[in-house]
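# Structural characterization, general
Chain by chain, the residues run as shown.
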Amino acid sequence: MDEVAKARMAQVLHHRKAGLALGEPVAPPISVATTFHLPEAQGAAYYYGRSGQPTWDAVEAQLALLEAAEVVAFPSGMAAISAALIATLRAGAKVMIPSDGYYVTRLLGRDLLAVYGVEVVEVPTLEMAVADFTGFDVIYIETPSNPGLDVLDIAALAARAHAAGAKVIADNTTMTPLLQRPLDLGADLVVAADTKAPAGHSDALFGHVAGRDANLMARIREGRRQTGSVPGPFEAYLVHRGIETLEVRLARMCESAAVIAARLKAHPAVRALRYPGLDSDPSHAVARTQMLNGGFLIGLELADEAEAEAFLRACPLIEQATSFGGVHTAGERRARWGDKVAPGFIRLSVGVEPVEVLWTAIEAALPGGKT
Ligand SMILES: Cc1ncc(COP(=O)(O)O)c(C=O)c1O
């Protein structure tokens, strides 16, 4: 975490203070109202729950500080991604998306955008660094990519995309605004699944779009009102609470991930390992210029499906679940969702367990370990 991220995090923790009257609660209330008192005069801060309400506002205020941008909250990462793409595309437009990123984004391209007349071109993350952007309206990137952890130079890509007349949308889910700031590097919009590290406890779906173009953000906010893609107040409350500890959780998770990645890399049962924080990783040179650390995700390849499944079953400190960024270390074989990775490839999301206890459990569960 650099000084900018630390200062933003400190502001996040006190963001409500200036607006509090004597005796008002420090934590934001969970406002469940769908209607707000609205006699004749217009101009009230809130009037109907689909248009805006105070618990979302509290989270948007936190995220706006972290992103240094305007933020619109959504009920999931996919809702945020859809909103950003719908606002920047139209029939006849052309978008480039990663062929090796989060697979539901690809499905959205194939099953929704293409049906509405958008040309969707899938390109592997690393090839986007050199792909020809001529004729494209939007270049949609995910860096580090999920699950392969390939890294794109955001600033270089944004400069090329802008020269070609395209906007850049960056999915920053694997990093969060505390670890990487794509808007500062030239991206036009950031999208993220706050379901992951920001919520952090595997109990709330949430997402957001961030951007610095007021007109574009107004379209996205109005799009939320028109599509009704609105977050629930309980989830907003949970995410607000989660974000307050995001920095301390990330610090533990990323520090542990760096330790575990280095040990896994040296382990004889591990066929291949991806962690952008390791000097030896093919993504490291770019990663160190734009990521504040190596993150909390590790790509780990064992011999085959049977060996990988046996490892996941044997390790009592790995939750066998399909998400990441939570307090519990989690792992899964991504080939089970059709990702183009080896059958023995596991995406490991390192949690907040004390690192030596976690490593002892991982080592014991690996082939040749003492279970
Ligand atoms: C990189 C990435 N973006 C977006 C999403 C979608 O987020 P959500 O599940 O909140 O819709 C995910 C979910 O796994 C993801 O990994």
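Per an unreviewed UniProt entry, the protein is named Cystathionine gamma-lyase, and its organism is Tabrizicola oligotrophica.

Moving on to the pairing of strand 3 (residues 119–123). In this sheet, strand 3 lies alongside strand 2 (residues 94–98) in parallel orientation, the contact comprising five bridges. For Val95, the partnering residue across the bridge sits in strand 3 and is Val120. Between the parallel pair strand 2 and strand 3, the chain is carried across by helix 4 (residues 103–113), and the sense of this crossover is right-handed.

Another point: helix 8 (residues 233–244). For helix 8, built from twelve residues, the straight-helix expectation of 16 Å at 1.5 Å per residue is met to within 8% by its first-to-last C-alpha distance of 17 Å. Each element contacted by the buried residues of helix 8 is listed here: helix 1 (3–13), helix 2 (54–67) and helix 9 (246–265).

With that out of the way, let us pick up the side chain of Asp150. For Asp150, the location among the structural elements is in the loop between strand 4 (138–142) and helix 6 (154–163). The contact partners of Asp150, leaving out residues within four places of it in the chain, are Asp100, Thr125, Leu126, Glu142, Thr143, Pro144, Ser145, Arg274 and Ser283.

Now for the site of the ligand. Lining the immediate environment of the ligand, one finds 15 residues, of which Gly77, Met78, Asp171, Thr195 and Lys196 sit closest. Here an oxygen atom of the ligand and a backbone polar atom of Met78 are 2.8 Å apart. Asp171 has a polar side-chain atom sitting 2.7 Å from a nitrogen atom of the ligand. Relative to its free-state accessible area of 390 Å², the ligand is covered by the protein chains to the extent of 92%. Among the residues forming the shell around the ligand, the class breakdown is seven nonpolar, five polar and three charged.

At a closest axis distance of 8 Å, the pairing of helix 1 and helix 2 adopts a crossing angle of 165 degrees. Judged by the inter-axis angle, helix 1 sits roughly antiparallel to helix 2. Classified by chirality, the crossing of helix 2 by helix 1 is right-handed. For the pair helix 1 and helix 2, the contacting residues are Arg8, Met9, Gln11 and Val12 in the first and Gln62, Leu65, Leu66 and Glu67 in the second. Grouping the amino acids of the contact of helix 1 with helix 2 by side-chain chemistry returns four nonpolar, two polar and two charged.

With mixed pairing, five strands are arranged side by side in an open sheet as 8-9-12-11-10. In this open sheet, the two strands that pair with only one neighbour each are strand 8 (272–274) and strand 10 (319–320). Bridge count between strand 9 (residues 297–301) and strand 12 (residues 345–349): five bridges; the pairing is antiparallel. Pairing of Gly299 across the sheet is with Arg347, part of strand 12. Across the face of the sheet, helix 11 (residues 305–314) comes into contact with strand 9, strand 10, strand 11 (330–333) and strand 12 while running at roughly 160 degrees to strand 11.

Where helix 9 contacts helix 12 (residues 355–365), the two axes come as close as 10 Å, and the packing angle between them is 30 degrees. By the angle between their axes, helix 9 is roughly parallel relative to helix 12. At the point where helix 9 passes helix 12, the crossing takes the right-handed sense. For the pair helix 9 and helix 12, contact is made by Ser256, Val259, Ile260, Arg263 and Leu264 and by Val355, Glu356, Leu358, Trp359 and Ile362, respectively. Looking at side-chain class alone, the contact of helix 9 with helix 12 contains seven nonpolar, one polar and two charged residues.

Turning our attention to the UniProt feature "modified residue: N6-(pyridoxal phosphate)lysine" (unreviewed entry) in the protein. Taking the numbering used here, the UniProt-annotated feature "modified residue: N6-(pyridoxal phosphate)lysine" (unreviewed entry) corresponds to Lys196. Here Lys196 is to be found in the loop between strand 6 (189–193) and strand 7 (207–211). Judged by relative accessible area, which is 15%, Lys196 ranks as buried. Dropping the residues within four chain positions of it, Lys196 is found in contact with Thr173, Ser323, Phe324 and Gly325.

Along the polypeptide, Val72 turns up in strand 1 (residues 70–74). Since its relative accessible area comes to 0%, Val72 is described here as buried. As a C-alpha pair, Val72 and Glu356 span 284 residues in sequence and 39 Å in three-dimensional space.

Definitions and limits used
Residues numbered from 1 in each chain as written. Predicted model: local features only at pLDDT ≥ 70, side-chain atom pairs only at ≥ 80, totals over all residues. Heavy atoms only, no water. Pairing = 2+ DSSP bridges. Helix = DSSP H or I, 4+ residues; strand = E, 2+ residues; numbered from the N terminus. Right-handed = clockwise from strand over helix to strand, strands pointing away. Expected span 1.5 Å × (residues − 1). Contact = heavy atoms within 4.5 Å. Near = heavy atom within 4 Å. Polar contact = N/O pair within 3.5 Å; in protein donor to acceptor, adjacent residues only side chain to side chain. Areas by Shrake-Rupley, 256 points an atom, 1.4 Å probe, with all protein chains shown as cover. Nonpolar A, V, L, I, M, F, W, Y, C, P; charged D, E, K, R; others polar. Axes fitted to C-alpha atoms, helices over the stretch in contact; angles between N-to-C directions. Parallel < 35°, antiparallel > 145°, perpendicular 65-115°, else oblique. Left-handed = near helix turned anticlockwise from the far one by under 90°. UniProt positions renumbered as here; feature names shortened; annotations may be inferred. Buried < 20%, exposed > 50% of the residue type's maximum accessible area, 1.4 Å probe, protein only.

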